[in-house]
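# Residue-level structural notes
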Amino acid sequence: MQKKEQIYEGKAKKVFATDDPELLIVDYKDDATAFNGQKKGTIAGKGVVNNRMSNALMRLLEKKGIPTHFVRELSERETLVKRVRIVPLEVIVRNLSAGSFSKRYGVEEGIPFEMPVIEFSYKNDALGDPLLNTDHALALKLATAEEIGIIRSYSLQIDRCLQSFWGECGVTLVDFKLEFGRTADGTLILADEISPDTCRLWDSATGEKLDKDRFRRDLGGVEEAYAEIMRRLEAHAE
Ligand code: UDP
């Protein structure tokens, strides 16, 4: 597959066109940002971990019937994906309290929920990705009611599948962020990435954080955490 011109550079990835108008190449960088780009840094080897983890998890989800943008891993940092128009909703799924949930509602981190909590935020950097509900998303025409129904259903299935996978790795899936996109024919598929940048992953035995919170919160051992979560994944992925 021929890598052609760069069409986009985000905080953690570059995206290139290919000879096929329906396919793109994603190239994962080691750059890390937090707090809407206010904190910047580099995490050596992160691009490799995020590429390989995201691909392994998307392959797993495909097997469970969730359509994803994943096509083929091309190198340790590059993956061929289907071109989509991203639905401007960040879908957050929470199994335990943490992060902005704990802050907003004044509760400690690590409280398990009886049912997963799904949250939407409007994917808009200039506005700081504000939280919104289904009515807001419909009023803003970010997605149709049918699409929101599909997104909720896929998100809950993805949560069950990933909780079970990470559980076998001795890891608690605290929360994560998903993005969906529409292909040329309007089909909704899972896009973006599933990685320690977009998930909270805690060692089930010790509670140790094995995700980007080590960078956000200056906890140290950032590279080591990415390497450790990758080791856990590779020991279990097929
Ligand atoms: N998240 C993300 N991108 C964002 C915001 C959140 O990937 O722009 C992920 C984050 O890594 C965590 C989950 O979504 O796993 C929930 O994040 P939260 O709303 O608690 O926000 P934070 O505390 O990270 O600002």
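Here's what I pulled together on the structure shown here. (Residues numbered from 1 in each chain as written. Predicted model: local features only at pLDDT ≥ 70, side-chain atom pairs only at ≥ 80, totals over all residues. Heavy atoms only, no water.)

### Examining a nonpolar patch on the surface
There is a patch of nonpolar side chains on the surface, built from Tyr105, Val107, Ile111 and Leu131 and spanning about 330 Å² of accessible area. Tracing the backbone through its elements, the reader meets Val107 in the loop between α2 (99–105) and β10 (112–122). The class of Val107 is partly exposed, set by a relative accessible area of 32%. (Patch = residues over 30% accessible without salt bridge, like charges linked within 9 Å, V, L, I, M, F, W, Y side chains within 5 Å. Areas by Shrake-Rupley, 256 points an atom, 1.4 Å probe, with all protein chains shown as cover. Salt bridge = Lys/Arg side-chain N within 4 Å of Asp/Glu carboxyl O. Helix = DSSP H or I, 4+ residues; strand = E, 2+ residues; numbered from the N terminus. Buried < 20%, exposed > 50% of the residue type's maximum accessible area, 1.4 Å probe, protein only.)

### Some points on the pattern of salt bridges
Tallying each qualifying case throughout the model produces 26 salt bridges. Between Asp192 and Lys177 there is a salt bridge, and its shortest N-O distance comes to 3.0 Å. With a gap of 15 residues between them, Asp192 in the loop between β13 (188–191) and β14 (199–203) and Lys177 in strand β12 (residues 171–182) connect regions that are remote in the sequence. Of the two residues, Asp192 and Lys177, both sit in the buried class. A salt bridge links Arg217 to Asp213, with the shortest nitrogen-to-oxygen separation between them at 3.5 Å. A relative accessible area of 33% places Arg217 in the partly exposed class. On the basis of relative accessibility, which here comes to 1%, the residue Asp213 falls in the buried class.

### Details of the sheet that holds strand β2 (residues 13–18)
One open sheet accounts for 5 strands, arranged β1-β2-β3-β7-β6; its pairing is antiparallel. The outermost strands of the open sheet, each flanked by one partner alone, are β1 (3–9) and β6 (70–73). If you compare each strand with its neighbour and ignore which way they point, the axes differ by 30 degrees on average. Sheet strands in contact with helix α1 (residues 46–63) are β3 (23–28), β6 and β7 (78–82), and its direction is about 130 degrees off that of β6. (Pairing = 2+ DSSP bridges. Axes fitted to C-alpha atoms, helices over the stretch in contact; angles between N-to-C directions. Contact = heavy atoms within 4.5 Å.)

### A look at the pairing of strand β5 (residues 39–42)
Sheet analysis places strand β4 (residues 31–34) next to β5, joined by 4 bridges and oriented antiparallel. Counterpart to Ala34 in the pairing with β5 is Lys39. Here β4 hands over to β5 after 4 residues, with Phe35 in that stretch at a positive phi of 55 degrees.

### Topic: helix α4 (residues 145–168)
Compared with the 34 Å implied by 1.5 Å per residue over 24 residues, the 35 Å span of α4 between its first and last C-alpha is a close match. Every buried residue of α4 is listed here: Glu147, Ile148, Ile151, Tyr154, Ser155, Ile158, Asp159, Cys161, Leu162, Phe165 and Trp166. Taken from the residues just after α4, Gly170 is the one with a positive phi, measuring 75 degrees. (Expected span 1.5 Å × (residues − 1).)

### A look at the site of the ligand
Around the ligand sit 15 residues, and of these Arg94, Ser100, Asp175, Arg200 and Arg216 come closest. Between an oxygen atom of the ligand and a side-chain N or O atom of Ser100, the distance comes to 2.6 Å. Between Thr198 and the ligand, the recorded distance is 3.4 Å, taken from a backbone N or O atom to an oxygen atom. Looking at the shell around the ligand, the elements with two or more residues in it are β9 (89–96), α2, β12 and β14. Broken down by class, the residue content of the shell around the ligand amounts to 4 nonpolar, 3 polar and 8 charged. (Near = heavy atom within 4 Å. Polar contact = N/O pair within 3.5 Å; in protein donor to acceptor, adjacent residues only side chain to side chain. Nonpolar A, V, L, I, M, F, W, Y, C, P; charged D, E, K, R; others polar.)

### Things to note about the side chain of Lys13
As for its placement among the helices and strands, Lys13 is situated in strand β2. Judged by relative accessible area, which is 14%, Lys13 ranks as buried. In this structure the side chain of Lys13 is engaged in a polar contact, spanning 2.4 Å, whose partner is the side chain of Glu193. In this structure, Lys13 is in contact with Val26, Asp27, Tyr28, Lys29, Asp192 and Glu193, ignoring residues within four places of it in sequence.

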